[in-house]
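Given next are the chains, with one letter for each unit.
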Amino acid sequence: MNEKNRSAEKTPVKSTLSPNEITHTINLAIVGGGRTCKRFLELLQNESLPYLDINVVGVCDINPEAEGLILAKKRGIYTTDNFQDLFNIKTLDSILELTGNRDVLMEILSQRPKGIGVLEHHIGRLMRKLFDVDQRLRSAEEQLTFEKNFSDFLIQESTAAIVILNTDFTIVETNEAYLQTVNKTKNDVIGAHCYEISHGFNAPCSSSQPGLKCPMVETLRTGRSAHVIHEHLEPGDHLKFCNVVTYPLRDKNGEIFRVIEVWRDITKELSYRWETKVEELKSDLQKLVQEDRIISLGKLAASCAHEINNPIQGLLTFSHLMEEMLAERQLSASDLAQFKKYLAIMSRELVRCGTIVSGLLSFSREPKLEYLDLDCNEVLDIVLKLTRHTMNINNIKLVTDFSPKPLMIKGDSNQLQQCLLNLIFNAIEAMPGGGQLRISSKFDGTEKNALIGIQDTGYGISKENLEHIFDPFFSSKEEGKGTGLGLSIVYGIVKNHKGNINVNSTVGRGSLFTLSFPVI
């Protein structure tokens, strides 16, 4: 639909209760402007809901020829082809979803602003039944008819798990889907408290477990629909996640006397979303690791420039000497011996340069993530070859204490190299005036884990900073001296390898980072 009404504040269609009978007003927007929407608008025009004034303030449908959408336009109701536009209506209380499409419902639930309720198409059927009852509920007999129609709706119409609660949290009525969800009989639940049946608590969920929100409490507090996600432990210690939504029911005085609670099992959907999110996070971590490798490569290249320059100067010196010897005289046996000595030195220095350059080239490539059997000692050897010259330039003494036995773990060599490089660079930067760096590897006491220790004699980490060092973008360095991502990347890599990382630090004395990985 390319055309929208100019304003979301058009005059809404109202129900026809007289002023002295209206006790509560709901401003409702409809998603799904088809035949059901049209019938709903016609019902509101001709009939009224007991003690409730319903104003339709907006209708959404992607089909500009939808019957309900066309009727809404004729009646001056705001229309759109994007349900998100409905959220801009300032007076909006709830969204009524009439498409019957579960994906649309979940998208509305995930994007709605705080305080906006969502009613699905089953609720529309309920309202239809309520219209069939006499509009005024003037007698006890009519009240009973109302309750019977309500119960019939719950039992016969809904596939969701639904329970009706008194304001004291006791259960009045349920449908079969709810009984199956809690694995109890109707005799078990009627009259019992909802928190006893659903969680085994002795008090409302939010009181028994402060971190667990209760939609019933929220609805009683605000008078509006509420929504939470609860987890439930099933037999066999399997977790089930339920989307729980509450809707208030009001008496003729406008007071809440009961609450409808609707449960929907979203375990599979949540699991799929979680797995997708984990894959995205893994992909993001891999990108961060590669970007961090480039930063590390820059640091290595800067120190390698000095390291490579020394042998290059030696090569030039020997080359000039050999040229002068060739130009001045015929070569004697002693000259040839000297030539051989010079060539051996030059060859050794060229190999040294080649090793440094090869290491840098290998390190700069974006690796393919592969978890293979590897020895922690071998990974440490590779990292030390890349960083030894940096330590020499910064006047840092390296002390190693490696396990005489291989420390075999399942891991990705490139990621572990990056992890260790970050820790070594941090240690070097913590000792600007020089110091000692001790790197060790060993088994723990149970020999079930491989331990890698990186200990410096630098300026240490303060207590207030220690608990934040693994937070993304947290850095205690001067502005421009660090991204704040190094240690968060270290933490992510260690956790991806099912490992743990511990830090002990004393200001002015240095820090010890200990990595622990399960051995294979």
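Above this note sits the structure.
Structure report, in brief.

1. Some thoughts on the overall build of the protein
And step 1. The number of helices and strands found in the protein is 16 helices and 18 strands.
And step 2. In the protein, which comprises 520 residues, the proportion classed as buried is 45%.
And step 3. Counting contacts in the protein only where the partners sit at least 6 residues apart, residues at least 24 apart contribute 65% of the total.
And step 4. Taken as a whole, the protein presents about 27800 Å² of accessible surface, with 51% of it coming from carbon and sulfur.

2. Quick notes on the pattern of salt bridges
And step 1. Applying the stated criterion across every chain yields a total of seven salt bridges.
And step 2. Note that Glu 67 is salt-bridged to Arg 35, the shortest N-O span being 3.8 Å. Here Glu 67, found in helix H2 (residues 67–74), pairs with Arg 35, found in helix H1 (residues 35–46); they are 32 residues apart in sequence, far enough to count as distant.
And step 3. We classify Arg 35 as exposed; its relative accessible area is 59%.
And step 4. The salt bridge partner of Arg 221 is Glu 218, with a shortest N-O separation of 2.6 Å.

3. Some details on helix H13 (residues 376–393)
And step 1. The terminal C-alpha atoms of H13 lie 26 Å apart, and with 18 residues this matches the ideal 26 Å at 1.5 Å per residue to within 8%.
And step 2. Of all the bends in H13, the greatest measures close to 45 degrees and is centred on Thr 387.
And step 3. Buried residues of H13: Cys 376, Asn 377, Val 379, Leu 380, Val 383, Leu 384, Leu 386, Thr 387, His 389, Thr 390 and Met 391, and no others.
And step 4. Measuring from the backbone nitrogen of Asn 377 back to the side-chain oxygen at the start of H13 gives 3.1 Å, which picks out Asp 375 as the cap.

4. Quick word on helix H3 (residues 102–111)
And step 1. For H3, the complete set of buried residues consists of Leu 105, Met 106, Ile 108 and Leu 109. In a view along the axis of H3, the buried residues occupy a sector of 160 degrees, so they form one face of it. In this structure, H3 carries Asp 103 and Ser 110 as exposed residues pointing more than 90 degrees from its buried face.
And step 2. One side-chain oxygen of the residue at the start of H3 lies 2.8 Å from the amide nitrogen of Asp 103, identifying that residue as Asn 101.

5. What to know about the nonpolar core
Buried together is how nonpolar side chains tend to be arranged in soluble globular proteins.
And step 1. Membership of the largest hydrophobic core comes to 38 residues, with the highest contact counts inside it found for Leu 420, Ile 424, Leu 437, Phe 513 and Leu 515.
And step 2. The set of elements that each furnish at least two residues to this core consists of H13, helix H14 (413–429), strand E15 (435–443), strand E16 (449–456), helix H16 (486–496), strand E17 (500–506) and strand E18 (510–518).
And step 3. With nine residues, the single largest contributor to this core is H14.
And step 4. Excluding its chain neighbours within four sequence positions, the residues that come into contact with Ile 424 are Val 383, Leu 384, Thr 387, Met 391, Leu 437, Ile 439 and Ile 454.

6. Focus on the packing of H1 against H2
And step 1. In the contact formed by H1 and H2, the axes pass within 6 Å of each other and the chain directions differ by 40 degrees. Judged by residue contacts, Arg 35, Cys 37, Lys 38, Leu 41 and Glu 42 of H1 engage Glu 67, Gly 68, Leu 71 and Ala 72 from H2.
And step 2. Its residues assigned to classes, the contact of H1 with H2 comprises four nonpolar, one polar and four charged.

7. As for the side chain of Thr 80
And step 1. When you line up the elements, Thr 80 lands in strand E4 (residues 79–80).
And step 2. There is a polar contact of 3.1 Å between the side chain of Thr 80 and the backbone nitrogen of Asn 82.

8. Some words on the packing of aromatic side chains
Each aromatic ring pair is specified by the distance between its two centres and by the angle formed by the two planes.
And step 1. Enumeration according to the criterion identifies three aromatic pairs in this entry.
And step 2. A centroid spacing of 5.9 Å and a plane angle of 75 degrees characterise the contact between Phe 83 and Phe 87, whose relative ring orientation is edge-to-face.
And step 3. With relative accessibility at 16%, the residue Phe 87 sits in the buried group.

9. Details of the side chain of Ser 516
And step 1. With respect to the helices and strands, the residue Ser 516 is situated in strand E18.
And step 2. Classification of Ser 516 as buried rests on a relative accessible area of 17%.
And step 3. Residues within four places of Ser 516 in sequence aside, it is in contact with Asn 449, Ala 450, Leu 451, Gly 499 and Asn 500.

Analysis parameters
Residues numbered from 1 in each chain as written. Predicted model: local features only at pLDDT ≥ 70, side-chain atom pairs only at ≥ 80, totals over all residues. Heavy atoms only, no water. Helix = DSSP H or I, 4+ residues; strand = E, 2+ residues; numbered from the N terminus. Buried < 20%, exposed > 50% of the residue type's maximum accessible area, 1.4 Å probe, protein only. Contact = heavy atoms within 4.5 Å. Areas by Shrake-Rupley, 256 points an atom, 1.4 Å probe, with all protein chains shown as cover. Salt bridge = Lys/Arg side-chain N within 4 Å of Asp/Glu carboxyl O. Expected span 1.5 Å × (residues − 1). Bend = angle between axes of the 7 residues up to and from the residue. Polar contact = N/O pair within 3.5 Å; in protein donor to acceptor, adjacent residues only side chain to side chain. Arc of directions from axis to C-beta. Core = buried A, V, L, I, M, F, W, Y, C linked by side-chain atoms within 4.5 Å. Axes fitted to C-alpha atoms, helices over the stretch in contact; angles between N-to-C directions. Nonpolar A, V, L, I, M, F, W, Y, C, P; charged D, E, K, R; others polar. Phe/Tyr/Trp six-rings, centres within 6.5 Å; stacked < 30°, edge-to-face > 60°.

As far as function goes, none of this settles anything; it's purely spatial.
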